Amino acid sequence: MASSPTPAAGFRRPVPLDRATRLLNHGPTVLVSAEHAGRRNVMAAAWNMALDFAPPKVAVVIDKIAFTRGLIEASGRFALSVPVRAQAALTTAIGGTTGKEVDKEAALAGLAWIDEPSSTSPLVEGCAAWLDCRLIPEPHNQQAYDLFLGEVIGAWADRRVYSEGRWHFEGFDDLRTLHHVAGGHYLLPGESVDG
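The sections below set out a description of the structure shown in this document. Source: prediction; values computed, not measured.

1. Structural notes on the overall build of the chain
Assigned secondary structure in the chain consists of four helices and twelve strands. The globule rule puts the C-alpha radius of gyration for 195 residues at 16 Å, and the 15 Å found for the chain is close to it. Dimensions along the principal axes, computed over C-alpha positions, put the chain at roughly 40 × 35 × 35 Å. A total of 195 residues make up the chain; the buried ones form 47% of that total. Expressed as a percentage of contacts within the chain between residues at least 6 apart in sequence, the contacts between residues at least 24 apart total 67%.

Have a look at this one:
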């Protein structure tokens, strides 16, 4: 995979796999990326969730018309990158553009990839967290419900906003994760409270 400079690379830290699902527990929008036969693509997905702890698993809905879906089915791998406030316009552009017609990497300003040698799928630069996944083939669920399952085989997070198994966005407003409502409108996580 080609890479570009990663200004926040010094802040990216591995997350233990037994805690990887915590990266999605707060319900963020994700960027789903995959690569196959020299072609890579990324799409936005609001319908995703953590599914299991050991091994960690995730679920994401990917429509049949999505170009990324074909790359996932062919490669058996995908990644979830968790975009941040500073990437709201990019996330909307990624979601509103099809890889069938446009090379998103060339067409969308701000879209760049991280050089993470231990990842089997492309990771989007500038995000707050990343999960590298192996597809768990479930043909019936994929065809009937557009539901894709993945086993998390690698996870990383920006230590400025995630450490010791918890999100902590205070002081880093541009790194707050996006939570899609509709039509390019997002909510951001706010104050945390312990119960």
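Still to come is the rest of the account.
2. Notes on the side chain of Arg40
By the secondary structure assignment, Arg40 is in strand 3 (residues 39-45). What makes Arg40 buried here is its relative accessible area of 12%.

3. As for the pattern of salt bridges
Counted under the stated rule, the structure contains ten salt bridges. Among the ionic pairs, Arg40 bridges to Glu105, the shortest N-O distance being 3.2 Å. Highlighted residues: Arg40 in strand 3 and Glu105 in helix 3 (residues 104-107), separated in sequence by 65 residues. Overall, Glu105 belongs to the partly exposed group, its relative accessible area being 32%. A salt bridge links Arg69 to Glu73; its shortest N-O distance comes to 3.3 Å. One end of the pair, Arg69, and the other, Glu73, are both in helix 1 (residues 67-75), four residues apart, so they sit about a helical turn from each other. For Arg69, a relative accessible area of 3% translates into the label buried. Overall, Glu73 belongs to the partly exposed group, its relative accessible area being 36%. One salt-bridge network, held together by shared partners, links Lys64, Arg69, Glu73 and Asp146.

4. Remarks on the environment of Lys57
Structurally, Lys57 can be placed in strand 5 (residues 56-61). Beyond its immediate stretch of four places on either side in the chain, Lys57 contacts Thr21, Ala50, Leu51, Asp52, Ile136, Gly150 and Glu151. Here the side chain of Lys57 touches Pro55 through a polar contact of 3.3 Å, landing on its backbone oxygen.

5. Some remarks on the nonpolar core
By size, the foremost hydrophobic cluster in this structure holds 34 residues, and its most contacted members are Leu23, Val32, Phe78 and Leu131. Of all elements in the fold, only strand 2 (30-36), strand 3, strand 5, helix 1, strand 6 (77-82), strand 7 (129-136) and strand 8 (147-158) reach the threshold of two or more residues within this core. Residues contacting Leu131, with those up to four places away along its chain left out, are Ala20, Leu23, Leu24, Val58, Phe78, Ala79, Leu80, Val152, Gly154 and Ala155. Counting residues in hydrophobic clusters, the runner-up holds 14 residues, among them Ala79, Ile114, Val124 and Trp156.

Reading the values: the criteria
- Residues numbered from 1 in each chain as written.
- Predicted model: local features only at pLDDT ≥ 70, side-chain atom pairs only at ≥ 80, totals over all residues.
- Heavy atoms only, no water.
- Helix = DSSP H or I, 4+ residues; strand = E, 2+ residues; numbered from the N terminus.
- Rg over C-alpha atoms; globule rule 2.2 N^0.38 Å.
- Buried < 20%, exposed > 50% of the residue type's maximum accessible area, 1.4 Å probe, protein only.
- Contact = heavy atoms within 4.5 Å.
- Salt bridge = Lys/Arg side-chain N within 4 Å of Asp/Glu carboxyl O.
- Polar contact = N/O pair within 3.5 Å; in protein donor to acceptor, adjacent residues only side chain to side chain.
- Core = buried A, V, L, I, M, F, W, Y, C linked by side-chain atoms within 4.5 Å.

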